[in-house]
Amino acid sequence: MLTASDLEINVLEFRQRAFQFERLADFEGTDFAVFSRTETESESQFRPRLVHLKLVVPQSWVVYDEPNDLLAISRDGRTIPARLTEPVVEIAAERPEFSEQGIDWRRAKGSAGNWVYVPEEIAPLVLSGEGRDALGLTGDPDAAGSLPR
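Below or above, wherever it landed, is the structure these notes cover. (Residues numbered from 1 in each chain as written. Predicted model: local features only at pLDDT ≥ 70, side-chain atom pairs only at ≥ 80, totals over all residues. Heavy atoms only, no water.)

Regarding the packing of aromatic side chains
If you walk through the whole model with that rule in mind, you get seven aromatic pairs. Ring centres 6.4 Å apart and planes at 90° place the aromatic pair phenylalanine 19 and tyrosine 117 in the edge-to-face group. In this pair, phenylalanine 19 sits in strand β2 (residues 17-27) while tyrosine 117 sits in strand β9 (residues 114-119), placing the two residues 98 residues apart along the sequence. Among the residues examined, tyrosine 117 registers a relative accessible area of 0% and is labelled buried. These aromatic residues form a ring-pair network of at least three members: Phe14, Phe19, Phe98, Trp105 and Tyr117. Cation over ring: arginine 15 sits above phenylalanine 98, and NZ or CZ is 3.8 Å from the ring centre. (Phe/Tyr/Trp six-rings, centres within 6.5 Å; stacked < 30°, edge-to-face > 60°. Helix = DSSP H or I, 4+ residues; strand = E, 2+ residues; numbered from the N terminus. Buried < 20%, exposed > 50% of the residue type's maximum accessible area, 1.4 Å probe, protein only. Lys NZ or Arg CZ within 6 Å of the ring centre and 35° of its normal.)

Notes on the side chain of asparagine 10
Mapped onto the elements of the fold, asparagine 10 is located in the loop between α1 (4-8) and β1 (11-14). For asparagine 10, the side chain forms a polar contact with the main-chain oxygen of aspartate 6, separated by 2.8 Å. What asparagine 10 contacts, discounting residues up to four positions off in sequence, is Tyr64, Asp69 and Leu71. (Polar contact = N/O pair within 3.5 Å; in protein donor to acceptor, adjacent residues only side chain to side chain. Contact = heavy atoms within 4.5 Å.)

Topic: the environment of arginine 23
Mapped onto the fold, arginine 23 is located in strand β2. Distance in space between the C-alpha atoms of arginine 23 and valine 34 is 5.4 Å, their sequence separation being 11 residues. Those residues in contact with arginine 23 that sit more than four places away from it in its chain are Phe32, Ala33, Val34, Leu135, Gly136 and Leu137. Polar side-chain contacts of arginine 23 include one of 2.6 Å to the backbone oxygen of leucine 135.

Okay, structure coming up:
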């Protein structure tokens, strides 16, 4: 399993976007890795807003793809998933539930332009009020990125 220092010096590729490691958090006996990214809502808008993206996965699912020098997500924590090439779509145009690299995902909308991606199988735990608090997904969206309570 990768350590926090391994996670800090690499980016994780997810949905054709690069996410930076933010922190590790323990909840219900599982160590979770929280990654984040900030981007503009839409370049076509007159005044695009910032969108704060969070990605939460069990730490044991994060693997290092050495040939591509990237972090990736693998349910078994060992197998490097095949890299997919898909067009990037704006966050608001994405489906709220999707499958990527053999994992079913849920995208939940928060307040003030915040979104969180979480594997479907752990979504009820992570998106509960206690889960959001423990994983640092609540609070001031401009300070650390958050979801509403």
